[in-house]
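So the chains spell out like this:
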Amino acid sequence: MLGVPGSGKGTQAKMLSEKLKLSYVSSGDLFRNMDQSSEIGKKARPYMDAGELVPDDIVMELMKEYLLKNRIEGNIILDGFPRTVNQAEQLESLLTIDHVIYIDISEEEFYKRLGGRRTCPKCEKNYNIFTEPKPKTDGICDDCGEQLFQRKDQTTEALKTRLEVYHDETEPLVEFYDKLGIVLKIDGMGTVDEVENRIEIALDNAKKSNIDPE
Ligand code: AP5
Ligand code: MG
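Not measured: the values here are computed from a predicted model.

Draft legend 1. Region of the structure containing a negative patch on the surface. A surface patch of negative charge is lined by E157, E164, D168 and E169. Examined against the element boundaries, E157 turns out to sit in helix α7 (residues 156-170). Take E157: its relative accessible area is 54%, and that puts it in the exposed class.

So this is what it looks like as C-alpha cells:
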C-alpha cells in the first residue's frame, strides 16, 4: 500500500487482509508497538515524532527480522513499506511485489484526516473527529472504552514535514513501480466503502489481465 500519510493505507489494508485472508504488516505499527527502550525503538522514535522517515538501515533491519521471525509465507500486504527507492531495491532480494495499491488524496484531505485522527491506545482502532468513523461517545473507543489519543506525529508542524518527506522520498516509488507495470492507482477520496470497492475492482481487473492470453 503506497500513498501520502492519511490516504487510508492502514484502513484499507486491514480490511483487505481480512477479506482475502492475507497476512498484514505495517512498518509504522511495528515501530510504534515495539519496546520503546530497545536499541531500535530508541533510534526510531525521534524521527517518527518529527514526521521524518526512519533511516533505511534501521527500517530494513526491523523488516527483515520481522519477516524471518514470523516466517511469513504466502501473500502479505505491506503497509507503509517500502517507503524509499533504496528500501524498494533492497526488498527485491527478499520478496516479489505483485501489486502496488497507490491511494491518491488531495492535500486538503490529508490535513483534515490526520489533524482529526484519534487512536485507541489499547486496540489501535482509528477514529476521526472531522470525518468518519466517529466514536459513539466523544473521545472514547467504541470497543475498549479507552480514552482516545492524538499521535505526536499529527501536530501541524509534523504534518507539514511528513508531506514534504512524502513528496521527496516516497512519491518516486510510484515511477519506480510503474516501470514494472504493477501500480494500481486508486482515487482515495470518498467514503471508506467507496475506496474499498475501487480497490476490489482494480485488483479483479489486474487478475483478469494477468490470466488473459496475450
Ligand atoms: P505510518 O504509521 O506508516 O504512517 P503514515 O503512512 O505516514 O500515515 P498513516 O498511518 O497516518 O496513514 P494511512 O495512509 O495508513 O491512513 P489511515 O488508514 O490511518 O508511519 C509513521 C512513521 O513511522 C513515519 O512517519 C516514519 O517516521 C516511520 N516509518 C514507518 N514506515 C517507515 C519506512 N518504511 N521507512 C521509514 N520510516 C518509516 O487513515 C488516516 C485517517 O483517515 C484515519 O483517521 C482514518 O479513519 C481516516 N480515513 C481513512 N479512509 C478514509 C476515507 N475514505 N474517508 C474519510 N476518512 C478516512
Ligand atoms: Mg497507516
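Now that the structure is up, let's keep going.
Draft legend 2. Summary view of unusual backbone geometry. With an omega of 0 degrees, the peptide bond running from F81 to P82 counts as cis. Position of P82 among the secondary structure elements: in the loop between β3 (76-79) and α5 (85-91). Even without being glycine, E124 reaches a positive phi, approximately 65 degrees. Structurally, E124 is set in the loop between β5 (117-119) and β6 (126-128).

Draft legend 3. Looking closely at the packing of aromatic side chains. Enumeration over the complete set of coordinates arrives at 2 aromatic pairs. Their ring planes at 75 degrees and their centres at 4.8 Å tell us that F110 and Y111 sit as a pair that is edge-to-face. The class for Y111 is partly exposed, based on a relative accessible area of 28%. Ring centres of F176 and Y177 lie 5.0 Å apart, and the angle between their planes is 90 degrees; this geometry places the pair in the edge-to-face category.

Draft legend 4. Region of the structure containing the packing of helix α6 (residues 107-115) against α7. One can describe the packing of α6 onto α7 by two numbers: an axis separation of 11 Å at closest approach and a directional angle of 135 degrees. Overall, the two elements α6 and α7 adopt an arrangement that is oblique. The way α6 lies across α7 gives a crossing that is right-handed. In this structure, α6 uses E107, F110, Y111, L114 and G115 to contact α7, whose residues at the interface are L159, K160, R162 and L163.

Draft legend 5. The sheet that holds strand β1 (residues 2-3), seen in detail. Spatially, 3 strands are ordered β1-β4-β7 in an open sheet, and the strand pairing comes out parallel. Of all strands in the sheet, those bounded by a partner on one side alone are β1 and β7 (183-187). Pairing geometry for strand β4 (residues 100-104) and β7, over 5 bridges, is parallel. Of the residues in β7, the one forming a bridge with V100 is V183.

Draft legend 6. Structural context of the site of ligand 1. Near ligand 1 there are 34 residues, and of these K9, T11, S27, E52 and R117 occur at the shortest range. Note that an oxygen atom of ligand 1 is positioned 2.7 Å from one of the side-chain N or O atoms of K9. One nitrogen or oxygen atom from the side chain of R162 is found 2.8 Å from an oxygen atom belonging to ligand 1. Contact with the protein chains hides 96% of the accessible area of ligand 1, taken as 1000 Å² for the molecule alone.

Draft legend 7. The side chain of T84, seen in detail. If you trace the backbone, T84 turns up in the loop between β3 and α5. Of note is the side chain of T84, whose polar atom sits 3.1 Å from the side chain of D56. Dropping the residues within four chain positions of it, T84 is found in contact with L53, D56, E169 and L173.

What counts and what doesn't
Residues numbered from 1 in each chain as written. Chains lettered and ligands numbered in written order. Predicted model: local features only at pLDDT ≥ 70, side-chain atom pairs only at ≥ 80, totals over all residues. Heavy atoms only, no water. Patch = residues over 30% accessible without salt bridge, like charges linked within 9 Å, V, L, I, M, F, W, Y side chains within 5 Å. Areas by Shrake-Rupley, 256 points an atom, 1.4 Å probe, with all protein chains shown as cover. Salt bridge = Lys/Arg side-chain N within 4 Å of Asp/Glu carboxyl O. Lys, Arg positive; Asp, Glu negative; His and termini not counted. Charge placed at Lys NZ, Arg CZ, Asp CG, Glu CD. Helix = DSSP H or I, 4+ residues; strand = E, 2+ residues; numbered from the N terminus. Buried < 20%, exposed > 50% of the residue type's maximum accessible area, 1.4 Å probe, protein only. Phe/Tyr/Trp six-rings, centres within 6.5 Å; stacked < 30°, edge-to-face > 60°. Axes fitted to C-alpha atoms, helices over the stretch in contact; angles between N-to-C directions. Parallel < 35°, antiparallel > 145°, perpendicular 65-115°, else oblique. Left-handed = near helix turned anticlockwise from the far one by under 90°. Contact = heavy atoms within 4.5 Å. Pairing = 2+ DSSP bridges. Near = heavy atom within 4 Å. Polar contact = N/O pair within 3.5 Å; in protein donor to acceptor, adjacent residues only side chain to side chain.

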